[in-house]
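Structure at a glance
Next come the chains, spelled out residue by residue.
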Amino acid sequence: MIYMDHSATTPVDPEVVAAMSPYWTELYGNPSSLYGLGRRAAAALQSSRETAARLLHCEPSEIVFTSCGTESDNLAIRGVVLAAAAKGRRHVITTPIEHPAVLHTVADLVERFDCEVTHVPVDRAGMVDPRTIEAAIRPDTALISVMMANNEVGTVEPIAEIGAIARRHGVPFHTDAVQAGAYLPLDVQALNVDLLALSAHKFHGPKGVGLLYVRKGLRLMPAQTGGSQERARRAGTENVPYIVGMVRALELADARRPSETERLIALRERLIEGVLERIPDVEVTGHRTERLPGHASLIIYGVEAQSLLIGLDLAGIAASSGSACASGAPTPSGVLRAMGYAPNDALGALRLTLGRSNTESDVDTLLDELPPIVKRVRGG
Ligand code: PLP
């Protein structure tokens with residue numbers, strides 16, 4: 001099987017599995033326990049926190065371990081906005097191309113907590129203009145939330161610029177960096193962010209574990225009540241094996257980033273150029289250069305991508321028609337709609353996301369297999 005869906009998830013690195021393994025069997029202690037076994041677990045947790053902090057250029061106390069990217073986004077957005085709402089600030093600025101983890105959380109704040117939201121527009125490349133963010137800021141703005149890289153079209157947003165604006169206006173700034181974790185530098189100081197969400201399974205760590213960077217001093221209402229773990233910001237016994245695995249995966253991603261970035265950009269360009277040469281009526285979606293290294297997203301006009309996915313699957317290639325969460329039903333992508341694409345055209349969206357395992361030969365196989373499938377689906 002050729003796996004071209006790395007934006008959906010990634011296989012766990014064997015080195016990560018090896019790092020996690022002792023924490024299920026020999027070192028299974030609860031990090032809150034005072035005896036040796038507990039202290040060993042607490043030490044692993046602390047060491048993971050310090051490594052994560054070094055990689056994100058922050059302090060260990062600013063890292064909150066969570067159960068996934070979705071939880072990190074929820075904690076960031078609900079936590080900050082509900083704390084600010086108590087002081088009369090209830091306005092949120094975000095974009096229409098965010099992941100449902102952000103979009104639905106903001107919608108819930110509007111529905112149930114009387115908050116207001118401004119969705120700033122994006123251009124046809126899915127790019128946010130920082131000036132529109134600045135223009136949307138109000139005295140009661142509690143939070144700005146803009147994703148670092150889009151999961152469907154790969155566009156990388158101008159986070160540092162938006163962060164500088166947010167800081168100038170004293171508004172907390174959250175970025176969903178879930179898609180960026182494997183590929184983009186995560187220096188929270190350079191990015192000017194106050195909250196940054198990550199999910200391990202996007203960078204060869206396990207599913208079901210994430211983290212949230214929370215800048216010191218930021219008021220955050222905890223989402224759940226219970227013990228005082230994670231400095232009372234996220235109650236519940238810490239998932240030590242998964243946290244150890246996530247941080248090991250983050251270290252590996254950081255070390256491999258320069259060479260992987262270059263390699264994946266070359267593969268992506270080979271794929272995109274090859275498809276454009278071989279198949280008529282195709283458009284690349286997302287920004288042509290400011291995009292995730294291995295991310296190729298296309299609209300193949302005149303087809304429903306669902307049919308292409310079946311053909312590709314039969315040819316042994318795993319791909320996606322947009323976000324994994326939406327691929328059950330053929331509804332046009334809200335991201336592409338917000339970028340100005342017609343609903344019918346958006347149904348032709350094909351996403352091929354390359355990663356660590358992919359080679360030139362995988363791309364060439366795709367370039368051999370896809371054109372006849374498209375031809376067949378188009379009825380020619
Ligand atoms: N944010 C973005 C941009 C994503 O792509 C995803 C997952 O696809 C998430 C958040 C949710 O992460 P998780 O699957 O860990 O809940």
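A brief look at the structure comes next. (Residues numbered from 1 in each chain as written. Predicted model: local features only at pLDDT ≥ 70, side-chain atom pairs only at ≥ 80, totals over all residues. Heavy atoms only, no water.)

Moving on to the nonpolar core. Core analysis: the biggest nonpolar cluster contains 90 residues, and Leu56, Ile144 and Leu366 have the highest contact counts within it. The dominant element in this core, judged by the number of residues it contributes, is helix α8 (residues 240-278), at 12 residues. In contact with Leu366, other than residues within four places in its own chain, are Met4, Leu271, Val275, Leu312, Ile317, Leu352 and Pro371. Among the nonpolar cores identified, the runner-up in size contains 20 residues, and Ala142, Leu212, Val214 and Leu220 belong to it. (Core = buried A, V, L, I, M, F, W, Y, C linked by side-chain atoms within 4.5 Å. Buried < 20%, exposed > 50% of the residue type's maximum accessible area, 1.4 Å probe, protein only. Helix = DSSP H or I, 4+ residues; strand = E, 2+ residues; numbered from the N terminus. Contact = heavy atoms within 4.5 Å.)

A side chain of one charge can pair with a side chain of the opposite charge when the charged atoms of the two come close. In this structure the tally under the stated criterion is 26 salt bridges. When the shortest N-O distance is used, the salt bridge between Glu230 and Arg49 registers 2.7 Å. Placement of the pair is Glu230 in the loop between β8 (210-214) and α8 and Arg49 in helix α2 (residues 36-56), with a sequence separation of 181 residues. Take Glu230: its relative accessible area is 5%, and that puts it in the buried class. In this structure, Glu273 engages Arg288 in a salt bridge whose closest nitrogen and oxygen atoms are separated by 3.1 Å. Here Arg288 lies in the loop between β9 (282-284) and β10 (295-300) and Glu273 lies in helix α8, a separation of 15 residues in the sequence. (Salt bridge = Lys/Arg side-chain N within 4 Å of Asp/Glu carboxyl O.)

Time to look at the site of the ligand. Taken together, 13 residues surround the ligand, and among them Thr70, Asp176, Gln179, Ser199 and Lys202 come closest. Here Asp176 contributes a side-chain N or O atom positioned 2.6 Å from a nitrogen atom of the ligand. Residue Ser199 places a side-chain N or O atom 2.6 Å away from an oxygen atom belonging to the ligand. Looking at the shell around the ligand, the element that brings in the most residues is helix α3 (residues 69-85), giving 3 residues. Its residues placed into classes, the shell around the ligand shows 3 nonpolar, 7 polar and 3 charged. (Near = heavy atom within 4 Å. Polar contact = N/O pair within 3.5 Å; in protein donor to acceptor, adjacent residues only side chain to side chain. Nonpolar A, V, L, I, M, F, W, Y, C, P; charged D, E, K, R; others polar.)

Worth remembering: the numbers are spatial, not functional.
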